[in-house]
Amino acid sequence: MRPSASNRSRHSLVSRAALPSCARIAVFLCAPLLSSSLLADVVVNIGPTSIPRGDAQGDGDITVSTEHFAVAFAVDTAPPWGVARGGIIDIAIINNGQVGYDIASLADFMPNNWSAWPSSYQKVNIVRQSSEEVVVETRRDWGSVKLATRFHIRDGDRKIQITTKMVNAGSNALANLLSGYVVWPDGGYLFGVPGLLGVEVGAANAALADWSAAYDEDWALGLHAPFASVTTQYGRDRYLEHSLGPDDSIVFEAWLQIEDSGSLAPFVAEQIQFGDLDFGTLSGRVVDLNGGSIANPVVVATRNEKPFAWALGTASYFDMRLPVGEYDIYALAAGYAPGLSQLTTIEKQADTHLDFDDLLPPGNLQVMVIDKEMRTPLNAKITLDGGQKMLVGYLGRNKLFTELSEVGLVRAKFAPGDYEIIVDSGNGFVADAVSMKVRIESGESTSATAEIVVQARPEEDGWYSADLHHHSDVLDGFTAPQFVLRAQLAAGLNIAFLSDHDSVVNNAEMHRLSGIRNVLFIPGTELSPSWGHFNAYPIDDGKMIEIDIGSSPVQKIFDEARRLGADIVHVNHAYSEYGYFRNLEKGDSQNGNSAAVVPGGFDDRFDLIEMEPTDNRQALERTWRLWNNGKKIYLAGGSDVHDVWNQQSGAARSYAFVAGELTLDGFIAAMKSGNSFATQGPLVYPEIIFGSTIVRNAGEPLDLVFVVHAISGLRSVTLIEAGKLSEQRDYTGDSEPLKVSFSPTPVADTWFSLQIEDANGKQAYTNPIWVDVKGE
């Protein structure tokens, strides 16, 4: 089971950048700090927030607290991802006067999805304040559109009413806009919109309700957005698709609901009240098959075979309101096998009683993973296929990682049943996964040993790996630092790495955890304006981001990376919606001016270009063009993992050659010099190290010799010269190391690289071997 987010180590998040003069709070107050004696009223605080691990650290930031919650508004502090100031960037639960940790990254209005937000002003005012209510108003522009958003916070209410008026003050009509509200949690789990669980982008007409939710064991955030026609980002974003003509206006209204438990029942109750829906009450008791009490049962209601909501019970008892209709109801508990569902009709103003007495208590599972040849323990990921996958995230997961304290060992409680265990050490790069069948009995212990056949040991030849794009639980990440490290070790990576958006706050914890296993750690950050993302690493200890990333040109961002101590600036997902190269080319195609989309335009003061786990054709071809122009900017592999339980750490990685003892400086120098390759699976060992320059006479044969190893089987090896296919060798799935030789005869200065494909379609991309021809 993933630890509750309350166990995380975070301090401050986004940059404490200097505030432009156009964004100032209009009301200055001397308010007391949050305290239990004042929490019966609505209290306003100006200055750095007192929310633990809160992001709002500016002198003009506003924190508003009630007896139930505290929220902080970005006035001085720059919000994440280049969003204009004025929204909520911190949310904390308050219980009995105690302020909890920050559970949110952003709750705000978006004028058009996550497109760039050109804004010349942001003005934040407290327009109404009393002990019973506070209204915070944010006025901003988005190009020619004027936006006015009000956040209405009332004493005793767990909801914040949010309204936004959007006015097109320009002369051109705006078509196909996606406008609405976003709520992005810090960590936890996503439920999304009822009826659209697991749907990244969906239409509202397929939903069972108009609210969406994110949650953890001790909190839940719900967004009631009755206007929304589209949901994206798995329910974090709720939009209306619309157009806005010149001088036209539109008003949006939503409610942000903040709850102090991982139950979704309060959102259903509010939906019933908002919609004046007919409803009934469901209640009952949950015990195990032996009649034993269950401390915190979860009772799930499904509708049309899709999860609708759940109630979190106490001391075996539960209750919840439901709109009238037919539901399947079943009970869950951590580690227990669920019982049978019960078909129930909820009738108007009726009390329905259901008891559950067939939950089967958990059993214990222990798995030991070892190297079959060396008989030593191995880091690994263990996936249990079988049983019932838990709907509610905090009740348990079917994927585990071996312990940090005991190499190769996994211990966990699981629901009784028959399972296939898939044990993966090396992620298909150096070893194939193995599987075994186990039966877990209630109340019993089951042990198993998995023997992994390690087929490649690149480090023995001086090749060391790292996944050079990885997130933890900051902003849009869902992985606590210890699980980042455990996932990277399980993937067979030699060096740990972290690059959270505009943040370095988890780097110290990652460094501490890496020390437990005597693993080198590269501390990084992902500088993330809306038009391009850049990893900067390694970052000097103690240095924080000091510029406003969202409003800075590329030159200032690159300068900030170097000030932070970064030897490497690395262009991430270059052709994604928020990729640097894509947005440069977008500006060029629209009006012949890349700076129209990317502030500062093209700047070549970066060192590496990312190869992702997916198709890299565009980024690779752009890199080849840079090499043809003599630019020694090289390739790097990064997987951009945010959630290690649903994404694969190390799915794209770099292997760098370091002669002698592995050191951080040696690895960074090798990456910067191009002595490396990026890969999704295949491995390659050159006789002439990539990034090297060799000198030849014109027409003199050049011997290029490589050992290529694809443990899933080799399909092809392609020699590239100066960005063009020179020669291709096809294979029939060989899984043993193969010697591959080419003998080109260059007549002018050039370069050669390899593109390798395995039987699964996974690619490896090498950096170039440069050739200087005498007399050229």
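Everything numeric here is computed off the predicted structure, so don't read it as measured data. (Residues numbered from 1 in each chain as written. Predicted model: local features only at pLDDT ≥ 70, side-chain atom pairs only at ≥ 80, totals over all residues. Heavy atoms only, no water.)

Q: Break down the overall build of the protein chain for me, with residues and values.
A: Across its full length, the protein chain carries seven helices and 51 strands. Across its three principal directions, the C-alpha atoms of the protein chain cover 90 × 70 × 45 Å. Taken over 776 residues, the protein chain has a buried fraction of 59%. The contacts in the protein chain between residues at least 6 apart in sequence include a share of 67% that link residues at least 24 apart. Split by element, the accessible area of the protein chain, about 28,700 Å² in all, is 46% carbon and sulfur. In the protein chain, the 59 positive side-chain charges and the 97 negative ones have mean positions that sit 3 Å from each other. (Helix = DSSP H or I, 4+ residues; strand = E, 2+ residues; numbered from the N terminus. Buried < 20%, exposed > 50% of the residue type's maximum accessible area, 1.4 Å probe, protein only. Contact = heavy atoms within 4.5 Å. Areas by Shrake-Rupley, 256 points an atom, 1.4 Å probe, with all protein chains shown as cover. Lys, Arg positive; Asp, Glu negative; His and termini not counted. Charge placed at Lys NZ, Arg CZ, Asp CG, Glu CD.)

Q: Before we move on, can you summarise the sheet that holds strand E23 (residues 325-332) with the specific residues and values?
A: The strand order across the open sheet built from four strands is E21-E20-E23-E24, with neighbouring strands paired in antiparallel fashion. Edge strands, defined here as strands with exactly one partner in the open sheet, are strand E21 (306-312) and strand E24 (342-346). In this sheet, neighbouring strand axes are inclined to one another by 35° on average, regardless of whether the strands run parallel or antiparallel. Bridging between strand E20 (residues 298-303) and E21 involves six bridges; their strand directions are antiparallel. By the bridge assignment for E21, Arg 303 is matched with Lys 306. (Pairing = 2+ DSSP bridges. Axes fitted to C-alpha atoms, helices over the stretch in contact; angles between N-to-C directions.)

Q: Which residues make up the nonpolar core, and what values go with them?
A: Grouped together as the largest cluster of nonpolar side chains are 66 residues, with contacts concentrated most on Val 64, Val 71 and Ile 160. Residues within four places of Val 64 in sequence aside, it is in contact with Val 42, Val 43, Val 44, Phe 69, Ala 70, Val 71, Phe 73, Val 134, Val 136 and Ile 153. Val 504, Leu 635, Met 671 and Trp 751 belong to the second largest nonpolar core, which has 56 residues in total. (Core = buried A, V, L, I, M, F, W, Y, C linked by side-chain atoms within 4.5 Å.)

Q: How would you summarise the sheet that holds strand E37 (residues 534-537) if you had to cite specific residues and measurements?
A: Overall, mixed pairing links the six strands, which are arranged E35-E36-E37-E38-E39-E40 in an open sheet. In the strand order of this sheet, the two ends are held by strand E35 (496-501) and strand E40 (634-637), each with one partner. Pairwise comparison of adjacent strand axes, ignoring direction, gives a mean angle of 30° for this sheet. With four bridges joining them, E37 and strand E38 (residues 568-571) adopt antiparallel strand pairing. Across the sheet, the residue bridging to Asn 535 is His 570, located in E38.

Q: Requested: an account of the packing of helix H2 (residues 481-490) against helix H3 (residues 507-516), with residues and values cited.
A: Across the interface, H2 lies against H3 with an axial gap of 9 Å and an inter-helix angle of 50°. The angle between H2 and H3 places the two elements in the oblique class. Classified by chirality, the crossing of H3 by H2 is right-handed. When H2 is examined against H3, the residues Pro 481, Gln 482, Val 484, Leu 485 and Gln 488 are found in contact with a partner set consisting of Glu 509, Met 510, Leu 513 and Ser 514. Residue composition of the contact of H2 with H3, by class: five nonpolar, three polar and one charged. (Parallel < 35°, antiparallel > 145°, perpendicular 65-115°, else oblique. Left-handed = near helix turned anticlockwise from the far one by under 90°. Nonpolar A, V, L, I, M, F, W, Y, C, P; charged D, E, K, R; others polar.)

Q: Can you tell me about the side chain of His 533, naming the residues and giving the values?
A: As for its placement among the helices and strands, His 533 is situated in the loop between strand E36 (521-527) and E37. Using a relative accessible area of 5% as the deciding quantity, one classes His 533 as buried. Engagement of the side chain of His 533 in a polar contact is seen with the side chain of Glu 526, the distance being 3.1 Å. Polar side-chain contacts of His 533 include one of 3.4 Å to the backbone oxygen of Pro 529. (Polar contact = N/O pair within 3.5 Å; in protein donor to acceptor, adjacent residues only side chain to side chain.)

Q: I'd like a rundown of the confidence of the model for the protein chain, residues and numbers included.
A: In the predicted model, the protein chain carries a mean pLDDT of 92, and the fraction of residues at 70 or more is 94%. Confidence over residues 1-39 falls short of pLDDT 50; this stretch has 130 contacts with residues more than four positions distant or in other chains. (pLDDT = per-residue confidence, 0-100.)

Q: An account of the packing of aromatic side chains is needed here, citing residue identities and associated values.
A: Taken as a whole, this structure holds 40 aromatic pairs when the rule is applied. With centroids separated by 5.0 Å and ring planes inclined at 70°, the aromatic side chains of Phe 73 and Phe 151 adopt a geometry described as edge-to-face. With Phe 73 in strand E3 (residues 69-73) and Phe 151 in strand E9 (residues 145-154), this pair connects stretches of sequence that are 78 residues apart. Take Phe 73 and Phe 151: they sit in the same class, and that class is buried. When the centroid spacing of 5.1 Å and the interplanar angle of 90° are considered together, the rings of Phe 534 and Phe 558 count as edge-to-face. Residue Phe 534 is located in strand E37, and its partner Phe 558 is located in helix H4 (residues 554-563); the two are separated by 24 residues in the primary sequence. Through pairs of rings, three or more aromatic residues link up here, namely Trp 531, Phe 534, Phe 558, Tyr 575, Tyr 580, Phe 581, Phe 602 and Phe 606. One cation-aromatic arrangement involves Lys 123 over Tyr 121; the distance from NZ or CZ to the ring centre is 5.5 Å. (Phe/Tyr/Trp six-rings, centres within 6.5 Å; stacked < 30°, edge-to-face > 60°. Lys NZ or Arg CZ within 6 Å of the ring centre and 35° of its normal.)

Q: Help me get a handle on the pattern of salt bridges, residues and values and all.
A: Where charged atoms of side chains with opposite charge meet at close range, the side chains can pair. Counted by the stated rule, this structure contains 31 salt bridges. The partner of Glu 509 in a salt bridge is Arg 512, and the shortest N-O contact between them spans 2.9 Å. Separated by three residues within a single helix, Glu 509 and Arg 512 lie in helix H3, roughly one turn from each other. With its nearest N and O atoms 2.7 Å apart, the salt bridge here joins Lys 631 to Asp 604. Residue Lys 631 is found in the loop between helix H6 (617-628) and E40, and its partner Asp 604 is found in the loop between helix H5 (580-591) and strand E39 (608-611); the two are separated by 27 residues along the sequence. Among the residues examined, Lys 631 registers a relative accessible area of 32% and is labelled partly exposed. By relative accessible area, Asp 604 is classed as partly exposed at 28%. (Salt bridge = Lys/Arg side-chain N within 4 Å of Asp/Glu carboxyl O.)

Q: Let's hear about unusual backbone geometry: which residues, and what values?
A: Tyr 537 connects to Pro 538 through a cis peptide bond whose omega is -10°. Examined against the element boundaries, Pro 538 turns out to sit in the loop between E37 and H4.

Q: Give me the layout of surface pockets: which residues, what numbers.
A: A volume near 1,000 Å³ is recorded for the second largest pocket. Around the second largest pocket, the lining is made up of 39 residues, and of these Ser 115, Ala 116, Trp 117, Pro 118 and Trp 142 lie nearest the centre. With five residues, the single largest contributor to the lining of the second largest pocket is H5. Here the residues of the lining of the second largest pocket sort into 18 nonpolar, 16 polar and five charged. (1 Å grid on protein atoms, 1.4 Å probe; cavity = no way out; pocket = protein on both sides within 12 Å on 5 of 7 lines; lining within 4 Å. Points joined across faces, edges and corners; volume = space filled by probe spheres on them.)

Q: Before we move on, can you summarise H4 with the specific residues and values?
A: Those residues of H4 not exposed but buried are Val 554, Ile 557, Phe 558, Glu 560 and Ala 561. One side of H4 carries all its buried residues, which in axial view fall inside an arc of 155°. Gly 565 sits one or two residues past H4 and shows a positive phi near 105°. (Arc of directions from axis to C-beta.)

Q: Tell me what's going on with H2, and back it up with residues and numbers.
A: Burial analysis of H2 places nine of its ten residues in the buried class, which makes it a mostly covered element. The complete set of buried residues in H2 reads Pro 481, Phe 483, Val 484, Leu 485, Arg 486, Ala 487, Gln 488, Leu 489 and Ala 490. Looking at the buried positions of H2, the neighbouring elements they touch are strand E28 (381-386), strand E29 (399-401), strand E31 (417-424), E35 and H3. Positioned one or two residues after H2, Gly 492 has a phi angle of 80°, which is positive.

Q: An account of a negative patch on the surface is requested, with residue identities and associated values reported.
A: A grouping of Asp 41, Glu 67, Glu 132 and Asp 155 is seen on the molecular surface, where their side chains present a negatively charged patch. With respect to the helices, strands and loops of the structure, Asp 41 is situated in the segment before strand E1 (43-46). (Patch = residues over 30% accessible without salt bridge, like charges linked within 9 Å, V, L, I, M, F, W, Y side chains within 5 Å.)

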